[in-house]
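Residue-level structure breakdown
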Amino acid sequence: MTEDSGNSAGRAIPSGRLARLGVFGKLAGGVAGGVVAEGARRLANGERPKIGDLLLTPANATRVADQLSHLRGAAMKLGQMISMDAGDMLPPELATILARLRNNANHMPPQQLDRVLAAEWGKDWRRRFAHFQAHPVAAASIGQVHRARLPDGTELAVKVQYPGVKESIDADVDNVATLLRVSGMLPKALDIAPLLDEAKKQLHEEADYLREAQMLARYGELLADQSQFVVPALYSELTTPRVLAMSFVTGVPVETLETAPQDVRDRVMHDLISLVLRELFDWRLMQTDPNFANYRWQPETEKLVLLDFGAARPLPAETGEGYRRLLTAAFAGDRDAVRDAAIAAGFLGEAAVLQHRELVDRMIDVILAELAKPRPFDFGDRTFVGVLREQGTEIARDRDTWHLPPIDTLFVQRKISGTALLAARLKARVDIRTMVAAYCDGAPS
């Protein structure tokens, strides 16, 4: 068996509690130093800067992105979630910097990888393979993926978890929350404890590769009759709580579809949106991580490859019903019903509606006008997003009205927002009205 270490050097992932805490200390010190330096520069120029402006400089955002990338695990995952969830609402500069967390190439060096695999498979683990590529083909927040070949020629994708990630989840989440609090990015009155508890729970689930193996197999069953999708096959005999083995499926980044013909882009997004609707309303089971890296495209077969089911989670019936009521009201063009449904589902807080009723109604009107257009929804037309961003930012300035939706709704909305971002990237046109007709009472057919 031969190994390919690749051209780029690995960087050992801090696995001990003190080592990871040290990185957070370095990060906090670097951010504080950046604030002082930028503040001095602006004062010298006769400006009177606000602390929020000093914290969110490109230099500080770069520091945060680099250090979270080094830590991997929960810290990096939270950074990824911020960059994906905020979508079009993030300032372009900050969105670009945070996007680095979705594409960073840091990975374990071969020696650290060998120790992890020896602990999971035994010291003679190499004998199981005809070839195991030491350089990963992908590196994410919780683990990295290697290509391997069994003696019978079967090609596998092997996801290996970073050492110390599972043990550091709770502390990492608490440390990130502390950074956000100290920086003033979160209002003191906002109770994020339920969100932090749920983030820890979800990350522990994602770090359990036996659970992900079950979800991988389940999605394979659910999509067995859907020829437009490809789901890797599980290899359970090589799967452990920290190693996930599956068939290696070829594909190119889904973003390469940007240059595909319009009808191909439209069909791909129609299929993905249809999948989201089935997850929400039929299966009550959803893969809630819409990171673009979780989708691959096979040009030769024109099929979509679905990857990474660690964030798959069952959904309570009331979550789907909340979306059903909201969509039904939206396609009926009933602004008051939309507002009431949004409050009932937890999308909107009552305080925001009481304090900013005119702005809320204006945002609803913009969305209703887009949905009412008698043509496929053009995700490439982003003119209305600027209007929504401007009005949403004005509401967000009133921190007393900040509100956290129910946890399950947050995860579903993350999937919906990420899917919409991909559709916008591909400039797809999809007949949303017809697609929702089967799920919403009174929706036009």
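Located above this text is the structure these notes cover.
What comes next is a walk through the structure. Here the structure is a predicted model, which is why all the values come from computation and not from measurement.

Here we take up the overall build of the protein. Along its length, the protein carries 17 helices and 13 strands. Here the protein holds 445 residues, and the buried ones make up 49% of them. Considering only residue pairs separated by 6 or more positions, the protein has 72% of its internal contacts joining residues 24 or more positions apart. Surface summary for the protein: the accessible area is close to 20800 Å², and the carbon and sulfur share equals 55%.

Moving on: the sheet that holds strand E5 (residues 229-230). Within the open sheet, the four strands sit side by side as E5-E10-E9-E7. Their pairing is mixed. At either margin of the open sheet sits one strand with a lone partner, and together these are E5 and strand E7 (252-253). Bridge count between E7 and strand E9 (residues 295-298): two bridges; the pairing is antiparallel. For Val-252, the partnering residue across the bridge sits in E9 and is Trp-297.

Here we come to the pattern of salt bridges. Across all of its chains, the model carries 21 salt bridges by this definition. The closest approach of N and O atoms between Arg-425 and Glu-258, which form a salt bridge, is 3.2 Å. Placement of the pair is Arg-425 in helix H16 (residues 407-426) and Glu-258 in the loop between E7 and helix H10 (262-283), with a sequence separation of 167 residues. Look at Arg-425 and you get partly exposed, because its relative accessible area is 35%. We classify Glu-258 as partly exposed; its relative accessible area is 37%. Among the charged side chains, a network of salt bridges with common partners joins Arg-335, Asp-336, Arg-339, Arg-357, Asp-361 and Asp-365.

Criteria and thresholds
Residues numbered from 1 in each chain as written. Predicted model: local features only at pLDDT ≥ 70, side-chain atom pairs only at ≥ 80, totals over all residues. Heavy atoms only, no water. Helix = DSSP H or I, 4+ residues; strand = E, 2+ residues; numbered from the N terminus. Buried < 20%, exposed > 50% of the residue type's maximum accessible area, 1.4 Å probe, protein only. Contact = heavy atoms within 4.5 Å. Areas by Shrake-Rupley, 256 points an atom, 1.4 Å probe, with all protein chains shown as cover. Pairing = 2+ DSSP bridges. Salt bridge = Lys/Arg side-chain N within 4 Å of Asp/Glu carboxyl O.

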